Amino acid sequence: MEWLDLFKRHVANGEEVDLVKFNRDYNAEVCERIAQRHGMTFGTDPEHETAFLRKRQTAPSE
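Residues numbered from 1 in each chain as written. Predicted model: local features only at pLDDT ≥ 70, side-chain atom pairs only at ≥ 80, totals over all residues. Heavy atoms only, no water.

Asks: What's the story with the pattern of salt bridges in this structure? I'm lost.
Replies: Should the charged atoms of two oppositely charged side chains come close, the side chains can pair. Counting across every chain of the model gives 1 salt bridge. The shortest N-O distance in the salt bridge between D18 and R54 comes to 2.5 Å. On the criterion of sequence distance, the pair formed by D18 in strand 1 (residues 17-20) and R54 in strand 3 (residues 50-55) is long-range, its members being 36 residues apart. According to the relative accessible area criterion, D18 is partly exposed, its value standing at 46%. (Salt bridge = Lys/Arg side-chain N within 4 Å of Asp/Glu carboxyl O. Helix = DSSP H or I, 4+ residues; strand = E, 2+ residues; numbered from the N terminus. Buried < 20%, exposed > 50% of the residue type's maximum accessible area, 1.4 Å probe, protein only.)

Asks: How should helix 1 (residues 2-12) be read in this particular structure?
Replies: Note: α-helices contain 3.6 residues per turn, so residues at a spacing of three or four share the same orientation. L4, F7 and V11 are the residues of helix 1 that are buried. The buried residues of helix 1 occupy one face: seen down the axis, they fall within an arc of 60 degrees. Turned more than 90 degrees away from the buried face of helix 1, the exposed residues are E2, R9 and A12. Summarising the contacts, the buried residues of helix 1 are in contact with strand 1, helix 2 (24-37), strand 2 (40-45) and strand 3. Just past helix 1, the residue G14 takes up positive phi, approximately 70 degrees. (Arc of directions from axis to C-beta. Contact = heavy atoms within 4.5 Å.)

Asks: Mind showing me how you'd approach the sheet that holds strand 3 here?
Replies: Strands belonging to one sheet form pairs held by backbone hydrogen bonds; the direction of such a pair is parallel or antiparallel. Taking strand neighbours across the sheet as the criterion, the 3 strands line up as 1-3-2 in an open arrangement whose pairing is antiparallel. Edge positions in the sheet fall to strand 1 and strand 2, since each of these pairs with one other strand and no more. In this sheet, adjacent strand axes meet at a mean angle of 15 degrees when their direction is disregarded. Across 4 bridges, strand 1 lies against strand 3 in antiparallel orientation. Within strand 3, the position partnered with D18 by the bridge is F52. (Pairing = 2+ DSSP bridges. Axes fitted to C-alpha atoms, helices over the stretch in contact; angles between N-to-C directions.)

Pasting the structure below:
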């Protein structure tokens with residue numbers, strides 16, 4: 001799957017991306033596990049068929 005290789009590359013580089021026309025039923029679990037292993041978060045918006053790969057936010061130092 002070409003899209004999965006591209007997704008893995010973005011995760012490995014710590015890049016935030018939006019995935020349009022994302023099929024949550026088939027792809028979400030795999031993407032969530034990959035993102036977690038690299039310290040990122042993965043969320044979906046089923047209404048708009050979009051998914052989001054984001055860097056984890058850290059709390060500001062006090």
